[in-house]
Amino acid sequence: MNILNPEIEQLFLSDSRSAVALVYMDHPSGVVRTHTGAGPQEWDNEIWYGTGEMGSIGLIKDGDAASQVQLTLKTTDPAQIADVVRDDMAGSEVRIYLAALDSNMRIAAVQLMYLGFVNQTPVEYDDLPSISVDCVGVEYRWNAAKENTRYTSGAQRALYPNDSYCDDVEAISKGPLSSYSGSEAVSSGGNTRTTSRYER
């Protein structure tokens with residue numbers, strides 16, 4: 001559960017209470033720093049650029065480390081769309097902060113609200129194209145483990161029948177390397193007997 005720090009609580013009790021969300025993304029072409037307000041904001045010795053009504057953040061489920069959040073940016077800039085299509089953002093870190101503003105509409109206090117990773121980045125080509133960044137929480141990877149993370153011969157060949165890369169894994173794991181004969185030699189297709197230097 002996210003509990004607001006006292007500084008933010010105090011700012012929210014003031015007559016001029018206001019807030020924005022800061023979004024940090026570790027994009028392959030360079031770090032992206034944006035916020036949901038208008039114009040630039042300075043925090044952590046960096047400039048965060050406002051998306052205004054062109055950007056939106058989906059619901060963040062409090063206390064759910066595996067939660068999924070969607071970030072959306074509407075754009076008329078072909079270069080931004082080209083960056084998303086060209087660069088593979090999957091696995092890139094995403095952080096979302098709550099930033100309370102002071103009476104001058106400047107960032108006065110910040111608190112991390114979400115930490116996750118990019119899962120996929122679909123693009124919708126409407127009259128006003130939109131870029132979506134589908135994010136998953138830290139625990140998502142543990143809850144949805146992929147079979148190809150199991151480095152066994154069976155798991156690898158189920159995905160790639162002609163790939164013998166993992167054929168030796170199980171044999172090697174059963175004993176010291178000095179006892180391994182190489183009967184399931186890598187690159188041999190898994191069935192060719194080879195002579196180990198320990199058998200000479």
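Caption draft 1: Focus on the packing of aromatic side chains. Within the structure shown, the criterion is met by three aromatic pairs. Judged by centre distance (5.7 Å) and plane angle (50°), the ring pair of Trp 43 and Trp 48 falls under tilted. Within the aromatic cluster, the residues linked to one another by ring pairs are Trp 43, Trp 48 and Tyr 97. Sitting over the face of the ring of Tyr 24, Arg 95 holds its NZ or CZ atom 4.2 Å from the ring centroid.

Caption draft 2: Region of the structure containing the pattern of salt bridges. Considering all chains together, one arrives at four salt bridges under this definition. Here Asp 83 ties to Arg 86 by a salt bridge, and the two come within 2.9 Å at their closest N and O atoms. With Asp 83 and Arg 86 both in helix H2 (residues 78–86), this residue pair falls three residues apart, about one helical turn. Asp 83 gets classed as partly exposed once you look at its relative accessible area, which sits at 29%. Among the residues examined, Arg 86 registers a relative accessible area of 54% and is labelled exposed. Here Glu 93 and Arg 95 are joined by a salt bridge, their closest N and O atoms 2.5 Å apart. Its relative accessible area of 26% is what places Glu 93 among the partly exposed residues. The exposure class of Arg 95 is partly exposed, given its relative accessible area of 25%. Residues joined by salt bridges that share partners form a network here, namely Asp 83, Arg 86 and Asp 87.

Conventions used here
- Residues numbered from 1 in each chain as written.
- Predicted model: local features only at pLDDT ≥ 70, side-chain atom pairs only at ≥ 80, totals over all residues.
- Heavy atoms only, no water.
- Phe/Tyr/Trp six-rings, centres within 6.5 Å; stacked < 30°, edge-to-face > 60°.
- Lys NZ or Arg CZ within 6 Å of the ring centre and 35° of its normal.
- Salt bridge = Lys/Arg side-chain N within 4 Å of Asp/Glu carboxyl O.
- Helix = DSSP H or I, 4+ residues; strand = E, 2+ residues; numbered from the N terminus.
- Buried < 20%, exposed > 50% of the residue type's maximum accessible area, 1.4 Å probe, protein only.

Purely geometric stuff here, so don't read any function into it on its own.
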